[in-house]
Amino acid sequence: MQISPTLCSTELTYTGEDLTDVSLAGVDAAEPRSNNIPITFTTSSSIEPYFFVDQKGGLQYHLLASALQMSHLKLGSITYATNLRALRLVKTKQIDCIINAPATDDGLFLTQSLIEYQNSLFYLTKNKLKIDTISDLKKYSLISFQNASQYLGDEFIEVSKQHQDYTEIASQQSQVLMLFGEHTQMVILEQRIFDYYRRKVQHKIKHPYEVTQVILFDSAPRYIACHDQQTAILVDEAISLLKQSNLYQQILLDAEQGKYNTQYVEH
């Protein structure tokens with residue numbers, strides 16, 4: 001359930017796909033949540049550079065921590081789990097909110113998108129591949145991230161079934177190395193993840209060829225969903241406040257330059 005903007009004390013500006021507001025008629029009023037109580041989160045695994053599992057940091061972590069801090073809310077623990085376990089932890093109220101929540105999950109209250117992911121196709125520019133549509137992917141060898149066919153739409157599912165040289169692998173770092181090692185003609189990765197691993201493994205790349213990026217897929221809003229309506233409202237308002245500040249764009253610009261805050265300290 002998307003929380004209704006009319007419930008918030010500030011005007012909200014939503015990014016990403018519009019969702020239908022949920023009628024809250026008949027919903028019992030919840031007790032106000034104290035700002036002194038830490039808000040706990042879970043997310044499906046640690047995806048660098050968005051989250052660094054062994055450190056308090058990463059792009060998405062920095063955005064979330066900054067949003068809560070600006071609204072004088074406390075960030076509690078972040079539990080890394082599988083998709084199913086993460087959802088179960090929130091639905092059973094063991095943890096307050098799930099990061100990167102499915103937009104259609106019933107029974108939870110969705111905030112606006114904190115950030116958007118952009119899955120893209122990458123190939124070595126020197127190869128001059130002709131890619132204009134998803135159907136064109138069938139002409140060249142392709143390696144994508146694990147379970148990509150579940151996230152990239154129905155047309156891609158059909159292409160992946162018909163493709164004679166299509167593979168999905170778990171290691172996104174290996175995808176980057178295989179592209180530059182010319183073991184595949186194309187890879188599909190999220191844009192910031194590709195840039196992160198390209199920088200990380202540049203010492204292993206013998207020929208740092210120029211790369212062409214092709215955007216064939218819609219951007220993917222990253223929502224947060226909470227089991228408690230009041231908590232979702234607080235987090236949503238915090239995201240709005242952050243987006244209205246210069247800090248939001250500064251964090252994104254730093255990430256483009258390969259600067260990720262991995263030692264976030266609360267003030």
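As a reminder, the structure under discussion sits directly above these lines.
These numbers were taken from a predicted model, which means no experiment stands behind them.

The rules we used
Residues numbered from 1 in each chain as written. Predicted model: local features only at pLDDT ≥ 70, side-chain atom pairs only at ≥ 80, totals over all residues. Heavy atoms only, no water. Buried < 20%, exposed > 50% of the residue type's maximum accessible area, 1.4 Å probe, protein only. Helix = DSSP H or I, 4+ residues; strand = E, 2+ residues; numbered from the N terminus. Arc of directions from axis to C-beta. Contact = heavy atoms within 4.5 Å. Polar contact = N/O pair within 3.5 Å; in protein donor to acceptor, adjacent residues only side chain to side chain. Phe/Tyr/Trp six-rings, centres within 6.5 Å; stacked < 30°, edge-to-face > 60°. Axes fitted to C-alpha atoms, helices over the stretch in contact; angles between N-to-C directions. Parallel < 35°, antiparallel > 145°, perpendicular 65-115°, else oblique. Left-handed = near helix turned anticlockwise from the far one by under 90°. Nonpolar A, V, L, I, M, F, W, Y, C, P; charged D, E, K, R; others polar. Expected span 1.5 Å × (residues − 1).

A. Examining helix H7 (residues 246-256) more closely. Within the sequence span of H7, burial applies to Tyr 248, Ile 251, Leu 252 and Ala 255. Looking down the long axis of H7, one finds its buried residues gathered within 95 degrees of arc, a one-sided arrangement. The exposed residues of H7 that point more than 90 degrees off its buried face are Asn 246 and Glu 256. At its buried positions, H7 is contacted by helix H1 (59-70), strand E5 (115-117), helix H5 (191-200) and helix H6 (229-243). For H7, the side-chain oxygen to backbone nitrogen distance between the N-cap and Leu 247 is 3.3 Å, and the N-cap itself is Ser 245. One or two positions beyond H7, positive phi appears at Gly 258, with a value near 80 degrees.

B. Here's a closer look at the packing of aromatic side chains. Under the defined criterion, the tally for this structure stands at nine aromatic pairs. With 5.9 Å between their ring centres and 65 degrees between their planes, Phe 52 and Tyr 196 make a pair best called edge-to-face. In this pair, Phe 52 is assigned in the loop between strand E1 (39-44) and H1 and Tyr 196 in helix H5, connecting sequence segments 144 residues apart. Just as Phe 52 is buried, Tyr 196 falls in that class too. Relative to Tyr 166, the ring of Phe 156 lies with its centre 5.7 Å away and its plane at 80 degrees, an arrangement referred to as edge-to-face. One end of the pair, Phe 156, is in helix H3 (residues 154-162); the other, Tyr 166, is in strand E8 (residues 166-169), with 10 residues separating them in the sequence.

C. Here's a closer look at the packing of helix H4 (residues 172-180) against H5. Contact geometry of H4 with H5 gives a least axis separation of 9 Å together with a crossing angle of 70 degrees. Relative to H5, the element H4 is oriented roughly perpendicular. Relative to H5, H4 is oriented so that their crossing is right-handed. Only Ile 193, Phe 194, Tyr 197, Arg 198 and Lys 200 of H5 make contact with H4, whose side of the interface consists of Gln 172, Gln 173, Val 176, Leu 179 and Phe 180. Tallied by class, residues from the contact of H4 with H5 come to six nonpolar, two polar and two charged.

D. Representation of H6. Here H6 spans 21 Å end to end across 15 residues, near enough to the 21 Å set by a 1.5 Å rise per residue. Of all 15 residues in H6, 13 are buried, a share of seventy percent or more. By the N-cap criterion, in which a side-chain oxygen at the helix start approaches the backbone nitrogen of a residue two or three places on, H6 is capped by Asp 228, the distance to Gln 230 being 3.2 Å.

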